[in-house]
Amino acid sequence: MESQVSKANILNGKELSVAILEQLKPRAAAIAKLNNDNPPGLATVLVGEDPASHVYVRNKRRACEKVGLTNFHYELEGNTGQAKLLALIDELNCNIEVDGILVQLPLPKGFDYDENEVLAAIAPTKDADGFHPQNQGALMQGTEAPVPCTPKGVMRLLDESGMQGSGKHAVVVGRSNIVGKPVAMLLLAQNFTVTICHSRTADLALEVSRADVVVAAVGVAKLIKGEWLKQGAVVLDVGINRGDDGKLVGDVDFDSACARASYITPVPGGVGPMTIAMLLSNTVEAAEQRLGL
Ligand code: GUN
């Protein structure tokens, strides 16, 4: 077998996210000082028992504690129903101590939840996830609004690589509302020529081989092979999958990709921690805007 020399630079999201969270601390403290000792507040809403969602929300809550944000946490039974969930969102919209609202997705299947209706019920100014249709529209128009956290984190990591968009081709693998579509808009805004691939794309390997930047967000372990990559590509792996041995792996086959990529995000420790840093950043920004800072 051909030996694979690892030459890619690692884009360390864990380290970068710690630095970003550190920078948020004084901003949170300044808000508290101006606001009767109330720091920015993030409400986290978790519906049902999905184990991965519980882990993600726990990590978000821990980050709030580290940075000095107030966390208002709500755990609802899977069968709570749409009406009660909407009533809770309404209450949070009206609570002046809440600057950001996050409803963890996906909502449980088999009940009457309508995710789009839930996201549209969140006050756009408190939309820490940037999922409200008004904010998604602003992203398409290129106007100021909260930006979804994972795409924002991906762009921040891409920035570290120094890759500029003009004349370069970005391939996004995955077309979700949470990652694929918004990250494609952000890449376009940075002058990349963008291709979005998905499960019906005819020749994924061919599309990926043309990419200067690959964003992998499909949720299939090690789908993207190193041999597909253009030499020097920047690879941003959003996937969090369990490998056969139970370990976390991304959507990219990391070892083979390292031989071709110039920069690559590891899983874990790449995009994941950046999502949390961007969520807290959106919440602090919402509080600053509320206070006219
Ligand atoms: N599920 C997976 N990613 C996310 C995210 O960024 N925000 C929310 N609310 N749910 C998610």
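Small disclaimer: the values here were computed from a predicted structure and weren't measured.

Right, let's get into the overall build of the chain. Scanning the chain from N- to C-terminus turns up 10 helices and 11 strands. Taking 19 Å as the expected radius of gyration for a compact globule of 293 residues, we find that the chain reaches 19 Å, a close match to that expectation. Considering only C-alpha atoms, the chain reaches an extent of 60 × 45 × 40 Å along its principal axes. Within the chain, buried positions represent 50% of all 293 residues. Working note: accessible area of the chain is about 14,200 Å², and carbon and sulfur atoms make up 50% of it. Taking the 27 positively charged and 34 negatively charged side chains of the chain as two groups, their mean positions are separated by 4 Å.

One open sheet holds the six strands; their spatial order is 1-11-8-7-5-6, and the pairing between them is parallel. Edge strands, defined here as strands with exactly one partner in the open sheet, are strand 1 (9-10) and strand 6 (193-197). Across the sheet, helix 6 (residues 149-161) is in contact with strand 7 (213-216), strand 8 (234-237) and strand 11 (263-264); its angle to strand 8 comes to roughly 155°.

Let's shift gears to the site of the ligand. All residues in the neighbourhood of the ligand are listed as Lys60, Leu102, Val103, Gln104, Leu105, Asp129, Phe131 and Ile178. Contact distances for the ligand include 3.3 Å between a nitrogen atom and a side-chain N or O atom of glutamine 104. In this structure, aspartate 129 approaches the ligand through a side-chain N or O atom, which is 2.7 Å from a nitrogen atom. Contact with the protein chains removes 84% of the 280 Å² of surface that the ligand exposes when unbound.

The subject of this paragraph is the pattern of salt bridges. Scanning all chains against the criterion turns up six salt bridges. Notably, a salt bridge pairs aspartate 99 with arginine 290, separated by 2.7 Å at the nearest N-O pair. Taken together, the residues span a long stretch of sequence, with aspartate 99 in the loop between helix 3 (82-94) and strand 4 (100-103) and arginine 290 in helix 10 (residues 271-290) at a distance of 191 residues. Note on arginine 290: relative accessible area 38%, which makes it partly exposed. Here lysine 230 and aspartate 212 are joined by a salt bridge, their closest N and O atoms 2.8 Å apart. Remark: aspartate 212 occurs in the loop between helix 8 (204-209) and strand 7 and lysine 230 occurs in the loop between strand 7 and strand 8; sequence separation between them is 18 residues. Take lysine 230: its relative accessible area is 33%, and that puts it in the partly exposed class.

Here we come to helix 5 (residues 133-141). Listing the buried residues of helix 5 in full gives Asn135, Ala138 and Leu139. Projected down its long axis, helix 5 shows its buried positions confined to an angular sector of 105°, all on one face. Opposite the packed face of helix 5, turned more than 90 degrees from it, sit the exposed residues Gln134, Met140 and Gln141. Buried residues along helix 5 sit in contact with helix 7 (180-189). Downstream of helix 5 by a residue or two, glycine 142 has a phi angle that is positive, lying close to 80°.

Conventions used here
Residues numbered from 1 in each chain as written. Predicted model: local features only at pLDDT ≥ 70, side-chain atom pairs only at ≥ 80, totals over all residues. Heavy atoms only, no water. Helix = DSSP H or I, 4+ residues; strand = E, 2+ residues; numbered from the N terminus. Rg over C-alpha atoms; globule rule 2.2 N^0.38 Å. Buried < 20%, exposed > 50% of the residue type's maximum accessible area, 1.4 Å probe, protein only. Areas by Shrake-Rupley, 256 points an atom, 1.4 Å probe, with all protein chains shown as cover. Lys, Arg positive; Asp, Glu negative; His and termini not counted. Charge placed at Lys NZ, Arg CZ, Asp CG, Glu CD. Pairing = 2+ DSSP bridges. Contact = heavy atoms within 4.5 Å. Axes fitted to C-alpha atoms, helices over the stretch in contact; angles between N-to-C directions. Near = heavy atom within 4 Å. Polar contact = N/O pair within 3.5 Å; in protein donor to acceptor, adjacent residues only side chain to side chain. Salt bridge = Lys/Arg side-chain N within 4 Å of Asp/Glu carboxyl O. Arc of directions from axis to C-beta.

The quantities given are spatial measurements derived from coordinates; they are silent on function.
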